[in-house]
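The residues making up each chain are set out below.
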Amino acid sequence: MQPGNPNPAQQPINNNMTMSIVAIFLFWPLAIPAIINASKVNPLLQQGDYAGAQAAAAESKKWSKWAIIVGAVWLAIVLVCCLAGGLAGMMSDTSSSY
């Protein structure tokens, strides 16, 4: 270690903020903890808490992935239901006598 440099250079940590913001459009209840954890990464790095910053980044990534997965599954279910309803409506007998 060189004098005047108390801490060796640490690897930068990806705070996953971009993925958290994308996740909020898919399933916001799980994306909120992701954004909160992502916003903790840089202040923890500035305080010198490298392990805490890594933990916050890992939590952010975990919540973002869950939000994206749940949101994508929900979107697929809605799409299938809409298509099935539309096809059922087209297939039904629409000629009714009044």
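Use the structure listed above.
Scope of this entry: the structure provided in the associated data block.

How each quantity is defined
Residues numbered from 1 in each chain as written. Predicted model: local features only at pLDDT ≥ 70, side-chain atom pairs only at ≥ 80, totals over all residues. Heavy atoms only, no water. Helix = DSSP H or I, 4+ residues; strand = E, 2+ residues; numbered from the N terminus. Buried < 20%, exposed > 50% of the residue type's maximum accessible area, 1.4 Å probe, protein only. Contact = heavy atoms within 4.5 Å. Patch = residues over 30% accessible without salt bridge, like charges linked within 9 Å, V, L, I, M, F, W, Y side chains within 5 Å. Areas by Shrake-Rupley, 256 points an atom, 1.4 Å probe, with all protein chains shown as cover. Salt bridge = Lys/Arg side-chain N within 4 Å of Asp/Glu carboxyl O. Polar contact = N/O pair within 3.5 Å; in protein donor to acceptor, adjacent residues only side chain to side chain.

1. Overview of the overall build of the protein chain
- In terms of regular secondary structure, the protein chain is built from three helices and zero strands.
- Overall, the protein chain shows an N-to-C arrangement of helices and strands of α-α-α.
- Of all 98 residues assigned to the protein chain, the portion counted as buried reaches 21%.
- A sequence separation of at least 24 residues applies to 63% of the contacts in the protein chain between residues at least 6 apart.

2. Digging into a nonpolar patch on the surface
- Side chains of Ile-21, Ile-24, Phe-25, Trp-28, Ile-32 and Ile-36 sit close together on the surface and give an oily, nonpolar patch of about 620 Å² of accessible area.
- Contributing elements (two or more residues each) for the nonpolar patch: helix H1 (17-26) and helix H2 (28-46).
- Along the chain, Trp-28 turns up in helix H2.

3. Details of the pattern of salt bridges
- The tally for this structure, following the rule as stated, stands at one salt bridge.
- One salt bridge connects Glu-59 with Lys-62, and the closest N-O pair in it is separated by 3.3 Å. A residue pair is termed a helical-turn pair when its members lie 3 or 4 positions apart in one helix, as Glu-59 and Lys-62 do in helix H3 (residues 50-91) at three residues.
- Judged by its relative accessible area of 37%, Lys-62 falls in the partly exposed class.

4. Examining the environment of Ser-20
- In this structure, Ser-20 sits in helix H1.
- A relative accessible area of 0% means that Ser-20 is categorised as buried.
- Sequence spacing of Ser-20 and Ile-68 is 48 residues, and the spatial spacing of their C-alpha atoms is 8.9 Å.
- In this structure, Ser-20 is in contact with Ala-31, Ala-34, Ile-35, Ala-38, Ser-60 and Ser-64, ignoring residues within four places of it in sequence.
- Looking at Ser-20, its side chain comes within polar contact range of the side chain of Ser-64, at 3.0 Å.

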